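# Report on the structure
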Amino acid sequence: TIGCSHNKCVYCDMYREKTFRIRALAQTLADLRTAGRKLGNVEKVFVADGDALIMPVDAWIEILELAYEVFPNLRRVSCYAMASNVLSKTDRELERLAEAGLTLLYLGPESGDPVTLKRIVKGGSFDDHVMAAGRAHDAGMRTSVIALLGAGGVARSQEHAEATAQLVTEMNPAYFAALTLTVVPGTPMARMQDKGLFELPDIYGLLKELRTIVYTARPTGALFRTNHASNYLPLGGRLPDDRQRIVEVIDAALCGDIVLRPDWARGL
């Protein structure tokens, strides 16, 4: 797909200049064949753009079958997925996708706080994301959940962190990542900030959110990362196994005992 069918999240500038469309299947298949000839030894494929799961299942099946044909060592195919796009598929459709080799869905609720979800115009509720993750798991797919530190602003910082931890617990992903909100010029969020309607927490506030989420979330066995370039404190481990160690590192950062990533080294 080109762009994002939703394209309303107030913080996102990724697809604003694109008009959403599903590419002609023949073009995508031709690109795959070319990639197979040129690259060959590929183990992971990500199907772009913003929410490729919206494509019809029959088109997906053709793409998946060809991907595994032209890349003999392929072991993972993934894509972004809005909760609404998962929920729009029947159980059997999701099972067909899993059987054909769509192994991982990236779900980005960003927050579990209902007020924050509405303010950032995420396009899905707390319950929508829980249901979407559950149906993906039942179909045989793994999920990677993405949370966005600072999404609630200063005003909803604590509520955002606590509700996000609860959402991660209920979604129970195989992978969980926390990114840090960047207010991008020209976005609705930037205009909100200019009008005094949104204030991004400072570094201390962002680390406090991260601590609350890690300390409170109870997935059964998620690989956790904050190694995205937007974050001040790169971390890694498993939840719940490494919770105490990760919290201790965050506490050390809060006390100033760990050097954080400087702003010049951060990015989207």
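A short tour of the structure in this document, coming up. (Residues numbered from 1 in each chain as written. Predicted model: local features only at pLDDT ≥ 70, side-chain atom pairs only at ≥ 80, totals over all residues. Heavy atoms only, no water.)

### A closer look at the pairing of strand S2 (residues 76–80)
This is how the line gets drawn: For each residue, the accessible area found with a 1.4 Å probe, counting protein chains only, is set against the maximum for its type, and the residue is called buried under 20%, exposed over 50%, and partly exposed in between. Secondary structure elements are defined from DSSP: runs of H or I of at least 4 residues count as helices, runs of E of at least 2 residues count as strands, and each element is numbered from the N terminus. Two strands are said to pair when DSSP picks up at least two bridges between them. A crossover gets the label right-handed when its path from the first strand over the helix to the second runs clockwise, viewed with the strands pointing away from the viewer.
Burial within S2 is extensive, with four of its five residues counted as buried. Here strand S1 (residues 44–47) pairs with S2 via four bridges, running parallel. Looking at S2, one finds that Phe46 is bridged to Ser78. Handedness of the S1-helix H2 (residues 57–70)-S2 crossover: right-handed. In this sheet, strand S3 (residues 104–110) lies alongside S2 in parallel orientation, the contact comprising three bridges. In the sheet register, Cys79 faces S3, and the bridge partner there is Leu105.

### Quick look at the nonpolar core
Where we set the bar: Throughout, nonpolar core names a set of buried Ala, Val, Leu, Ile, Met, Phe, Trp, Tyr and Cys residues whose side chains join them through atoms within 4.5 Å. Only heavy atoms enter the contact rule, under which two residues are in contact if any of them lie within 4.5 Å.
Judged by nonpolar contacts, the single largest core of 64 residues is most densely connected at Leu53, Trp60, Leu102, Leu105, Phe176 and Phe224. It is H2 that contributes the most residues to this core, eight residues altogether. Beyond its immediate sequence surroundings of up to four residues, Phe176 is in contact with Val145, Ala147, Val168, Ile213, Ala222, Leu223, Phe224, Arg225 and Leu239. Counting residues in each nonpolar core, the second largest holds 14 residues, with Val10, Cys12, Val183 and Met189 among its members.

### Overview of the side chain of Asn85
The residue Asn85 is located in helix H3 (residues 83–87) in this model. The residues touching Asn85, leaving out its near neighbours within four places in the chain, are Ser5, Asp51, Leu53 and Ile54.

### Section: the sheet that holds strand S4 (residues 142–149)
Definition in use: Inter-axis angles, ranging from 0 to 180 degrees, are taken between N-to-C directions of lines fitted to C-alpha atoms, where helices are fitted over the stretch in contact.
Reading across the sheet, the seven strands line up as S1-S2-S3-S4-S5-S6-S7 and stay open at both edges, with mixed pairing between neighbours. Each of the sheet's edge strands pairs with one partner strand only, and the pair in question is S1 and strand S7 (236–239). Pairs of neighbouring strands in the sheet enclose a mean axial angle of 25 degrees, with direction left out of account.

### A word on the packing of helix H6 (residues 126–139) against helix H7 (residues 157–171)
Note the threshold: The labels follow the angle: roughly parallel below 35 degrees, roughly antiparallel above 145, roughly perpendicular from 65 to 115, and oblique for the rest. Less than a right angle of anticlockwise turn of the near helix away from the far helix marks a crossing as left-handed, whereas a clockwise turn marks it as right-handed.
Contact geometry of H6 with H7 gives a least axis separation of 9 Å together with a crossing angle of 25 degrees. On the basis of the axis angle, H6 is roughly parallel to H7. Considering the relative orientation of H6 and H7, their crossing is right-handed. Residue-level contacts link Phe126, His129, Val130, Ala133 and His137 of H6 to Ala163, Gln166, Leu167, Glu170 and Met171 of H7.

### A few points about the packing of aromatic side chains
The condition that has to hold: Note on ring pairs: Phe, Tyr and Trp rings are taken, using the six-membered ring of Trp, and paired if centres are within 6.5 Å. Classes follow the plane angle, with under 30 degrees stacked, over 60 edge-to-face and the rest tilted.
What the rule picks out here adds up to four aromatic pairs. Measuring from ring centre to ring centre gives 5.0 Å for Phe46 and Tyr80, while their planes differ by 75 degrees; the resulting arrangement is edge-to-face. Taken together, the residues span a long stretch of sequence, with Phe46 in strand S1 and Tyr80 in strand S2 at a distance of 34 residues. With relative accessibility at 37%, the residue Phe46 sits in the partly exposed group. When its relative accessible area of 33% is taken as the criterion, Tyr80 is described as partly exposed. Residues Phe176 and Phe224 carry aromatic rings whose centres are separated by 5.3 Å and whose planes lie at 35 degrees to one another, so their mutual orientation is tilted.

### Let's talk about the environment of Thr212
Along the chain, Thr212 turns up in helix H9 (residues 203–216). Assessed through its relative accessible area of 16%, Thr212 is described here as buried. Sequence spacing of Thr212 and Leu97 is 115 residues, and the spatial spacing of their C-alpha atoms is 35 Å. Setting aside residues no more than four positions away along its own chain, Thr212 makes contact with Gln158, Ala161, Glu162, Ala165 and Ala217.

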